[in-house]
Amino acid sequence: MNSVILLGSSNSNGNTKIISNIVADKTNSEVIDLKQLNISEFDYDFKNRDDDFHPLVKNIVDNYDLIILATPVYWYTMSARMKIFIDRLSDCLKIRQEIGRKLKGKKIAVVSCGSDEVLKSGFHMPFQETAKYLGMVYVGNVHGWVEEDLVPTEVVQSIEKFSKKLHDIY
């Protein structure tokens with residue numbers, strides 16, 4: 001399984017990175033930190049077509065079967081950085097259709113990290129509906145948290161179960 005984790009946090013070394021690293025170790029995934037890239041918000045005039053978004057998505061569709069979106073939970077939803085990435089997928093429907101077509105059939109999963117042990121109902125809906133709209137296959141999610149710089153045993157166990165599910169898909 002060729003998989004990539006897109007880390008969509010405002011803190012490149014925060015709790016979401018800690019959780020993502022565990023997932024990466026269990027799934028043999030590369031981690032790409034979206035904060036390290038210049039990705040502008042969606043622009044109806046597509047004046048931002050020279051930022052890092054198109055090369056990133058081309059790399060993803062050419063090299064990975066599974067895309068894992070990792071986001072902290074900010075105000076009950078995904079991070080702004082992750083939302084910008086998802087909004088920019090519109091480019092793949094408008095001006096880079098050759099890339100957009102390659103998204104079809106790709107698998108997508110979500111890793112979330114927050115201060116609460118339980119997510120509010122509906123958190124995963126934007127990810128599921130985006131996958132459906134793009135013809136991608138939503139294969140699941142895992143939620144974690146960190147307590148005093150330590151990942152609780154129950155989170156590690158959830159990640160192990162999630163990782164096994166991803167391996168079983170392939």
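The structure contained in this document is the topic of the report that follows. (Residues numbered from 1 in each chain as written. Predicted model: local features only at pLDDT ≥ 70, side-chain atom pairs only at ≥ 80, totals over all residues. Heavy atoms only, no water.)

1. What to know about the layout of surface pockets
Part 1 of the reasoning: Counted as a void, the largest pocket has a volume near 160 Å³.
Part 2 of the reasoning: Looking at the largest pocket, the residues that line it are Val73, Tyr74, Trp75, Tyr76, Gly114, Ser115, Asp116, Val118, Leu119, Lys120 and His143.
Part 3 of the reasoning: Taken together, the residues that form the lining of the largest pocket break down as 6 nonpolar, 3 polar and 2 charged. (1 Å grid on protein atoms, 1.4 Å probe; cavity = no way out; pocket = protein on both sides within 12 Å on 5 of 7 lines; lining within 4 Å. Points joined across faces, edges and corners; volume = space filled by probe spheres on them. Nonpolar A, V, L, I, M, F, W, Y, C, P; charged D, E, K, R; others polar.)

2. Section: the nonpolar core
Part 1 of the reasoning: Leu6, Leu69, Phe85 and Phe127 are the most contacted members of the largest nonpolar core, which has 30 residues in total.
Part 2 of the reasoning: Going through the elements one at a time, strand S1 (3-7), helix H2 (53-63), strand S3 (66-72), helix H3 (80-88), helix H5 (97-103), strand S4 (107-113) and helix H6 (125-134) are the ones with two or more residues in this core.
Part 3 of the reasoning: Sequence-distant contacts of Phe127, defined by excluding residues within four places in its chain, comprise Leu69, Thr71, Met78, Met82, Ile86, Val110 and Tyr138. (Core = buried A, V, L, I, M, F, W, Y, C linked by side-chain atoms within 4.5 Å. Buried < 20%, exposed > 50% of the residue type's maximum accessible area, 1.4 Å probe, protein only. Helix = DSSP H or I, 4+ residues; strand = E, 2+ residues; numbered from the N terminus. Contact = heavy atoms within 4.5 Å.)

3. Observations regarding the environment of Trp145
Part 1 of the reasoning: Mapped onto the secondary structure, Trp145 falls in the loop between strand S5 (137-144) and helix H7 (153-169).
Part 2 of the reasoning: Expressed as a C-alpha distance, the spacing of Trp145 and Pro55, which sit 90 residues apart in the sequence, is 31 Å.
Part 3 of the reasoning: With near-sequence residues (within four places) excluded, Trp145 lies in contact with Ile19, Cys113, Gly114, Asp116, Glu117, Val151, Pro152, Glu154 and Val155.

4. Some points on the side chain of Ser12
Part 1 of the reasoning: Assignment of secondary structure puts Ser12 in the loop between S1 and helix H1 (15-27).
Part 2 of the reasoning: Judged by its relative accessible area of 13%, Ser12 falls in the buried class.
Part 3 of the reasoning: Among the polar contacts made by the side chain of Ser12, one reaches the side chain of Asp33 at a distance of 2.5 Å.
Part 4 of the reasoning: Within the structure, Ser12 has its side chain in polar contact with the side chain of Gln36 (distance 3.1 Å).
Part 5 of the reasoning: Not counting residues within four places of it along the chain, the set of residues in contact with Ser12 comprises Leu7, Lys17, Asp33, Lys35 and Gln36. (Polar contact = N/O pair within 3.5 Å; in protein donor to acceptor, adjacent residues only side chain to side chain.)

5. Section: empty space enclosed by the protein
Part 1 of the reasoning: Counted under the stated rule, the structure contains 1 cavity of 30 Å³ or more.
Part 2 of the reasoning: Together, Val57, Ile60, Ile67, Leu69, Phe85, Leu89, Leu103, Ile108 and Met136 line the largest cavity.
Part 3 of the reasoning: Sorting the residues of the lining of the largest cavity by element identifies H2 and S3 as the ones contributing at least two each.
Part 4 of the reasoning: A class-by-class count of the residues in the lining of the largest cavity yields 9 nonpolar, no polar and no charged.

6. Things to note about H2
Part 1 of the reasoning: The set of residues buried in H2 consists of Phe53, His54, Leu56, Val57, Ile60 and Val61. Viewed along the axis of H2, the buried residues span an arc of 160°, placing them on a single side of the element.
Part 2 of the reasoning: If you follow the buried residues of H2, they end up packed against S1, strand S2 (30-33), S3, H3, helix H4 (91-94) and H5. (Arc of directions from axis to C-beta.)

7. Structural notes on the packing of H1 against H7
Part 1 of the reasoning: Running from N to C, H1 and H7 point in directions that differ by 40°, and their axes come no closer than 9 Å. The angle between H1 and H7 places the two elements in the oblique class. The element H1 and its partner H7 pack so that their crossing is right-handed. Side by side, H1 and H7 meet where Ile19, Ile22, Val23, Lys26 and Thr27 of the first sit next to Val155, Ile159, Glu160, Phe162, Ser163, Leu166 and His167 of the second.
Part 2 of the reasoning: Tallied by class, the residues present in the contact of H1 with H7 amount to 7 nonpolar, 3 polar and 2 charged. (Axes fitted to C-alpha atoms, helices over the stretch in contact; angles between N-to-C directions. Parallel < 35°, antiparallel > 145°, perpendicular 65-115°, else oblique. Left-handed = near helix turned anticlockwise from the far one by under 90°.)

Interpretation in functional terms is not warranted from these geometric data alone.
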